[in-house]
Amino acid sequence: MRLTAQGQQQITGMVIDVKGQPVEGANIYITGTLDGASSDKAGKFSFATTQKGTVILGASYIGYKDFRLTAPVDQMGQLKIVLQPSEKALEEVVVRASTFSLGKSRTLEKLDALDVVMTGSSNGDIYGALMSLPGTQKVGEDGKLYIRGGDNRETQTFIDGMHVLSPYSITAQDMPARGRFSPFLFQGINFSLGGYESEFGQALSAVLPMDTKDVAGSTKAGINFSPLSAGGGGSVAFRKSSLSANVNFTDLTLYNKVLPDRYSWKKPYQSLSAEAQYKTAVGARGVFKLYTAYDRTAFIRTFADTLDHVPQRDFRLQQDNYYLNATLKTKTRHNTHLFFGAAGSYVDNRYDNARFQRDSYHQNEQELHLKARLEKNIMPGYRLSTGMEAYLRGYRAVYHDTLQQRLQDQQVNYQLYAAFVDNQVRLLPGLYANASGRMEYAQFSSAWNFSPRVSLNYLANRFQVSAIWGRYYQMPDNSVLVAPHENMQQSVASHYILGASYEYKGRLIKAETYYKQYDQLELLQQQVYHANGYGKSTGFDVYFSDESSVPHLKYNVSYSYNDAARLYRDFPVMSTPLFASRHNARMSGKYYFPALKTYAGVTATYASGRPYRDPNRDGYINAVDKDYFSLDANLTFLISKQVILYTSCGNITGRQNTYGYRYAPSPDATGVYQGAPVMASRNNFFYIGVFISLKSSSAYDVSSF
Amino acid sequence: MKNMFALWILLTMTISGYAQNTINCEEQLQLVLNKVKEEKDMSGVYNHVNTLKRLSGLCPGEWLPDYYIAYLDLKLVLSRNTDKPADLLLEAADKLAQLKGNAKANASEVYTLEGYYYYAMIAQDPAVNGQKYYREVVAGYEKAIRLDPSNPRPQLQLAIFQNLMAAFMKQTNNGFCDKLQQLEQTFRDFKPASAVAPAWGLPELLHVRQNNCH
């Protein structure tokens, strides 16, 4: 300790970390004063103070816990300050197990809207892009998400935390569906393939929560057109709010003329989709969002079920799909996060000449979802999230025969109420536990169900290992609830997941193994549904991504193994479900050619053959189809900073992929069941479109939101 | 004894409050900013950032110390005079979040800083981060302009960024020099709200014009 000429005290010392390495740039100071200094490259510091007596010396540097020393100032000579690394705030902890945090977290699995569009197999569809990730199953004839041996309805979509009843566009038989929502609407997607938080219920396999962007910062507008579609939209930004809208019209008339598919169309596929969102800041810490989407799809396809001996008819489909979602997120002065949401879905399907010429089938479904949630750091190392939600659902299906007589009128209405609690605790440095529970009351079955979930995660700097166990409930499909049934209960799935990941300089490797046990699945016995079904799905996923080894190249490779079997629906014995193939592998890459101002995306997808039932053989699910392979690619040319030319080709090699076989319900005169392979309506799909930003300052921004 | 203890607490609180009140935040900030101006070596700027952090602790609720901490962090990152850019970016992001929740802060300046933050992110790895963050850069500056059309800083930064984008697209930005010319006047017309209010940008404009416009 040295006294300066002016009576000042000189404080000197050194700042190091727990490994003994000097910390450069740390701020060392006497609290409540401006007296202080920064540590140099060697971690050394020195400063003078006029303070007398006992003072509090502080030292801080980002990433380390604040250091405090209370002592007489004249004893602060040659200090040795050891900074301890700070623990991440619980809300910052990103657990990678079973989850792909796309565009939301700081992890490598960043996938923003342009990544979605540039994924070779996506065709600009979010669900198509997600199918390049491990754990997904290629089901080419319907295009929906099938996760780790689970059926597509076991994966549920949420926008800003609120449920979407029908997230896919409707299509003709064996035509793959697409997601209804523009990828440019979202800033983050947390795709969980299992073991998700108890906030998300009513999903047996996976959840896809997507967060819309915040209030738009700039006013913009854009249009797009292609031989099969045209659209446009834009955002108007105000001081604290913004209003965005997007409209797209698709008509396959011209496309079918140039590149006809296997079907005969009287009125080719047409769809009109529109979405709009109003967002506004509420106070300094809140944001209110109102989002609405409408889709109308219509077509008339002329066809005959030759296998069923049903004569030719003009099958006409018209769907109107409405969605409205309002959310308010805010934070109180005491750092309590509050969320309130309401979402309404209404889907109306009308099928004319459905089974025979001049009959009709009319079906509608609606859902109101209400949710409130509170999150708070109760104390350092403990974060609580709790809330409640309600689902009010209705379904009606009416069938009129060819004489327009009502042969069937089925309907069901029910409510489901739930409360959930999620406790996240830091047990030790780097070791986090999560214990949560969800209590549900299903009015349909007058039953209470409890879903516990426990996870343990160890997060080192680059390495993570996680173990998760959770139980999840889901109501059977409405078509089951309106059919004759006895003692129907919610289906249940228990997830056991063990995963590890390692991230190093732009490269990420993940490996996970899982076991899913199903119970209370719907099972048709003597024409009556019971909750007696059960099943299991086990397997592992391996994933590697790299965005740093080769300049301008970002790629990922994954392999998934799955072994699934179930006794459900009309299965007489435990069997592998028809959608599940044992081996799935994918390779996806995106490369930027600076000289050409072009992005090229390529995806190769392989799936081993899916099982199917051949009634000409013994047993139930007794045959395996040939392997699936598809090579998909796209090119994005940046013609100018306002104009993008986008072109894609699905299944470049033209391989005739099949998805099992359909057979006649009864044998022919020779005693053979005639069959035909299930195939997509076309082998290849080509797309070329132009996207124009109407705002001069935009740099290839095709987003309307 | 109890009363003595209460008196001691009261005195301690009063003295501590007095100590804080005696700090003239604006004056102190002016002193730090003057030192920053005089600093020859960019790497030495970080010492002043630490002084600003101490000042921020003494002036709770004031937005300018936090603003300058984030601004100088980003300048350090962009000058490449730091071997810890990730730490500085993290600190800047933290300060930006605080500024957005501070009702006293000039929103136009805060959103300028947000655009600048994403610009610094892109500069770390243009090939990877360019596509990820270019929209945020443009949106930040445009929002700042909308909030205060007379603020020259977001206009200059947007013009510079668009010029860089044009170069990336191998295009020529014919209007760039005219824009700089026009912005010089906007800078000269701009009257900062106080002696310590954000007023940076003009030297950068002159430097960019010297290098790009002949």
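Please read all numbers here as calculations on a predicted model, not as lab measurements. (Residues numbered from 1 in each chain as written. Chains lettered and ligands numbered in written order. Predicted model: local features only at pLDDT ≥ 70, side-chain atom pairs only at ≥ 80, totals over all residues. Heavy atoms only, no water.)

### Notes on the overall build of chain B
Here is step 1 of the chain: The secondary structure content of chain B amounts to 10 helices and zero strands.
Here is step 2 of the chain: Expressed as a percentage of the 214 residues in chain B, the buried residues total 51%.
Here is step 3 of the chain: Partitioning the contacts of chain B with sequence separation of at least 6, the portion at a separation of at least 24 is 64%.
Here is step 4 of the chain: For chain B, the computed accessible surface area is about 10,700 Å², with 56% contributed by carbon and sulfur atoms. (Helix = DSSP H or I, 4+ residues; strand = E, 2+ residues; numbered from the N terminus. Buried < 20%, exposed > 50% of the residue type's maximum accessible area, 1.4 Å probe, protein only. Contact = heavy atoms within 4.5 Å. Areas by Shrake-Rupley, 256 points an atom, 1.4 Å probe, with all protein chains shown as cover.)

### Side note on the overall build of chain A
Here is step 1 of the chain: When you go through chain A residue by residue, the secondary structure sums to four helices and 41 strands.
Here is step 2 of the chain: The C-alpha atoms of chain A give a radius of gyration of 29 Å, which matches the 27 Å a tight globule of 705 residues would have.
Here is step 3 of the chain: Viewed in the frame of its principal axes, chain A has a C-alpha envelope of about 115 × 60 × 45 Å.
Here is step 4 of the chain: When burial is assessed residue by residue, chain A has 56% of its 705 residues classed as buried.
Here is step 5 of the chain: The contacts of chain A with a sequence gap of at least 6 include a subset with a gap of at least 24, amounting to 60%.
Here is step 6 of the chain: Accessible area of chain A: about 29,200 Å², with a carbon and sulfur share of 56%. (Rg over C-alpha atoms; globule rule 2.2 N^0.38 Å.)

### Quick look at a nonpolar patch on the surface
All names here are of chain A.
Here is step 1 of the chain: A surface patch of nonpolar side chains, about 480 Å² in accessible area, is lined by Val-236, Phe-238, Leu-243, Tyr-278, Leu-290 and Leu-324.
Here is step 2 of the chain: Residue placement: Leu-243 occurs in strand β18 (residues 241-251).
Here is step 3 of the chain: In this structure Leu-243 comes out as partly exposed when scored by relative accessible area, which is 42%. (Patch = residues over 30% accessible without salt bridge, like charges linked within 9 Å, V, L, I, M, F, W, Y side chains within 5 Å. Salt bridge = Lys/Arg side-chain N within 4 Å of Asp/Glu carboxyl O.)

### Overview of helix α5 (residues 85-100) of chain B
All names here are of chain B.
Here is step 1 of the chain: For α5, spanning 16 residues, the distance from its first C-alpha to its last is 22 Å, which sits close to the expected 22 Å at 1.5 Å a residue.
Here is step 2 of the chain: When α5 is considered as a whole, its buried residues turn out to be Leu-88, Leu-89, Glu-91, Ala-92, Lys-95, Leu-96 and Leu-99. For α5, the buried positions fall inside an angular range of 160 degrees around the axis, keeping them on one side. Seen from the open side of α5, the exposed residues pointing more than 90 degrees away from its buried face are Ala-86 and Ala-97.
Here is step 3 of the chain: Of the surrounding elements, those touching the buried residues of α5 are α3 (45-58), α4 (64-79) and α6 (107-124). (Expected span 1.5 Å × (residues − 1). Arc of directions from axis to C-beta.)

### Some remarks on the interface of chain B and chain A
Here is step 1 of the chain: The partner chain A presents 45 residues to the 35 residues of chain B that form the contact.
Here is step 2 of the chain: For the pairing of chain B and chain A, the buried interface totals around 3,600 Å² over both sides, and the portion due to carbon and sulfur atoms is 50%.
Here is step 3 of the chain: Of all residues in chain B, Arg54(B), Gln131(B) and Met169(B) bury the most surface against chain A, accounting for 19% of the area lost on that side.
Here is step 4 of the chain: If you look at where chain B meets chain A, you find zero salt bridges.
Here is step 5 of the chain: The interface formed by chain B and chain A holds 13 residue pairs in polar contact (both at pLDDT 80 or more) in total.
Here is step 6 of the chain: A total of 13 residues in the side of chain B that touches chain A trace back to one element, the largest contributor, which is helix α7 (residues 126-147) of chain B.
Here is step 7 of the chain: Looking at side-chain class alone, the side of chain B that touches chain A contains 14 nonpolar, eight polar and 13 charged residues. (Buried area = accessible area lost by both parts, 1.4 Å probe. Polar contact = N/O pair within 3.5 Å; in protein donor to acceptor, adjacent residues only side chain to side chain. Nonpolar A, V, L, I, M, F, W, Y, C, P; charged D, E, K, R; others polar.)

### As for the domain arrangement of chain B
By a widespread convention, an interface's size corresponds to the accessible area lost as its parts come together.
Residues and elements named next belong to chain B.
Here is step 1 of the chain: The domain boundaries assigned to chain B delineate domain 1 (24-105) and domain 2 (107-190 + 204-213).
Here is step 2 of the chain: Between domain 1 and domain 2, the contact holds 17 residues from the first and 13 residues from the second.
Here is step 3 of the chain: Counting the surface lost from both domain 1 and domain 2, the interface buries some 1,500 Å², and carbon and sulfur atoms represent 73% of this.
Here is step 4 of the chain: On the surface where domain 1 and domain 2 come into contact, there are one salt bridge. (Domains from an automatic or database assignment.)

### Description of the packing of aromatic side chains
All names here are of chain A.
Here is step 1 of the chain: Under the criterion given, the structure shown has 45 aromatic pairs over all chains.
Here is step 2 of the chain: Seen from their ring centres, Tyr-61 and Tyr-64 are 6.2 Å apart, and the 45 degrees between their planes marks the pair as tilted.
Here is step 3 of the chain: In this structure Tyr-61 comes out as buried when scored by relative accessible area, which is 7%.
Here is step 4 of the chain: On the accessibility criterion, Tyr-64 (21% relative accessible area) is partly exposed.
Here is step 5 of the chain: Taken together, the aromatic side chains of Tyr-263, Trp-265, Tyr-269, Phe-299, Phe-303, Phe-315, Tyr-351, Tyr-361 and Tyr-399 make up a single cluster linked through ring pairs. (Phe/Tyr/Trp six-rings, centres within 6.5 Å; stacked < 30°, edge-to-face > 60°.)

### Remarks on the nonpolar core
Here is step 1 of the chain: The biggest cluster of nonpolar side chains holds 97 residues, and the ones touching the most others in it are Ile11(A), Ile28(A), Leu57(A), Ile81(A) and Leu83(A).
Here is step 2 of the chain: Among the elements that take part in this core, α4(B) stands out by supplying 10 residues, more than any other. (Core = buried A, V, L, I, M, F, W, Y, C linked by side-chain atoms within 4.5 Å.)

### Points about the environment of Ser446(A)
Residue and element names in this part refer to chain A.
Here is step 1 of the chain: The residue Ser-446 is located in the loop between β26 (431-442) and β27 (447-459) in this model.
Here is step 2 of the chain: For Ser-446, a relative accessible area of 52% translates into the label exposed.
Here is step 3 of the chain: Distance from Ser-446 to Leu-416, taken between C-alpha atoms, is 9.7 Å for residues 30 residues apart in sequence.

### Concerning unusual backbone geometry
In most cases, non-glycine residues show a negative phi, while peptide bonds are predominantly trans.
Residues and elements named next belong to chain A.
Here is step 1 of the chain: For Arg-358, which is not a glycine, the phi torsion comes out positive at approximately 80 degrees.
Here is step 2 of the chain: Tracing the backbone shows Arg-358 in the loop between β22 (337-352) and β23 (360-379).
Here is step 3 of the chain: Phi is positive for His-552, close to 70 degrees, though the residue is something other than glycine.
Here is step 4 of the chain: Within the secondary structure, His-552 is located in the loop between β31 (528-546) and β32 (553-567).
Here is step 5 of the chain: Of the residues examined, His-552 reaches a relative accessible area of 32% and is grouped as partly exposed.

### Comments concerning the sheet that holds strand β6 (residues 54-60) of chain A
Residues and elements named next belong to chain A.
Here is step 1 of the chain: Taken together, the four strands give an open sheet; going across it, the order is β4-β3-β6-β7, and neighbouring strands pair in antiparallel fashion. At either end of the open sheet lies a strand with only one pairing partner, and these are β4 (36-38) and β7 (67-72). Neighbour to neighbour, the strand axes of the sheet diverge by 15 degrees on average, direction disregarded.
Here is step 2 of the chain: In the sheet, strand β3 (residues 27-30) pairs with β4 via three bridges, with the strands oriented antiparallel. Across the sheet, the residue bridging to Asn-27 is Ser-38, located in β4. (Pairing = 2+ DSSP bridges. Axes fitted to C-alpha atoms, helices over the stretch in contact; angles between N-to-C directions.)

### Thoughts on the state of the cysteines
Residue and element names in this part refer to chain B.
Here is step 1 of the chain: Enumeration over the complete set of coordinates arrives at two disulfides over all chains.
Here is step 2 of the chain: Here Cys-25 is linked by a disulfide to Cys-59, with a sulfur-sulfur distance of 2.0 Å. What sets the handedness of the Cys-25 and Cys-59 disulfide is the S-S torsion sign, and at about -105 degrees it is left-handed. Note that Cys-25 is positioned in helix α2 (residues 25-38) and Cys-59 in the loop between α3 and α4, a separation of 34 residues in sequence. Of the two residues, Cys-25 and Cys-59, neither departs from the other in class, the shared state being buried.
Here is step 3 of the chain: There is a disulfide in this structure between Cys-177 and Cys-213, and the S-S distance comes to 2.0 Å. The sign of the S-S torsion, about -95 degrees, decides the handedness of the disulfide formed by Cys-177 and Cys-213: left-handed. With Cys-177 in helix α9 (residues 176-189) and Cys-213 in the segment after α10 (202-212), the pair connects residues that are 36 residues apart, well separated along the chain.
Here is step 4 of the chain: Judged by its relative accessible area of 26%, Cys-177 falls in the partly exposed class.
Here is step 5 of the chain: Taking only the cysteines that form disulfides and numbering them from first to last, chain B has the pattern 1-2, 3-4. (Disulfide = S-S within 2.5 Å.)

### Observations regarding the packing of α9(B) against α10(B)
All names here are of chain B.
Here is step 1 of the chain: One way to put it is that α9 packs onto α10 with a least axis distance of 10 Å and a crossing angle of 155 degrees. Classified by the angle between their axes, α9 and α10 sit roughly antiparallel to one another. Crossing geometry of α9 relative to α10 is assigned as left-handed. Where α9 abuts α10, its residues Phe-176, Cys-177, Leu-180, Gln-181, Leu-183, Glu-184, Phe-187 and Arg-188 lie against Leu-202, Leu-205, Leu-206, Val-208, Arg-209 and Asn-212.
Here is step 2 of the chain: Tallied by class, residues from the contact of α9 with α10 come to nine nonpolar, two polar and three charged. (Parallel < 35°, antiparallel > 145°, perpendicular 65-115°, else oblique. Left-handed = near helix turned anticlockwise from the far one by under 90°.)

### Observations regarding the confidence of the model for chain A
Residues and elements named next belong to chain A.
Here is step 1 of the chain: Here chain A averages 90 in pLDDT, and 95% of its residues register 70 or above.
Here is step 2 of the chain: When the criterion is pLDDT under 50, residues 1-5 qualifies, and its contacts beyond four places in sequence or with other chains add up to 13 contacts.
Here is step 3 of the chain: The low-confidence segment residues 103-109, where pLDDT is below 50, has 27 contacts with residues more than four positions distant or belonging to other chains. (pLDDT = per-residue confidence, 0-100.)

### Considerations on the confidence of the model for chain B
All names here are of chain B.
Here is step 1 of the chain: The pLDDT averaged across chain B works out to 85; a share of 89% of its residues lies at or above 70.
Here is step 2 of the chain: Within chain B, the lowest mean pLDDT, 43, falls on helix α1 (residues 2-21), and the highest, 95, falls on α4.
Here is step 3 of the chain: Reported for the predicted complex are a pTM of 0.86 and an ipTM of 0.83.

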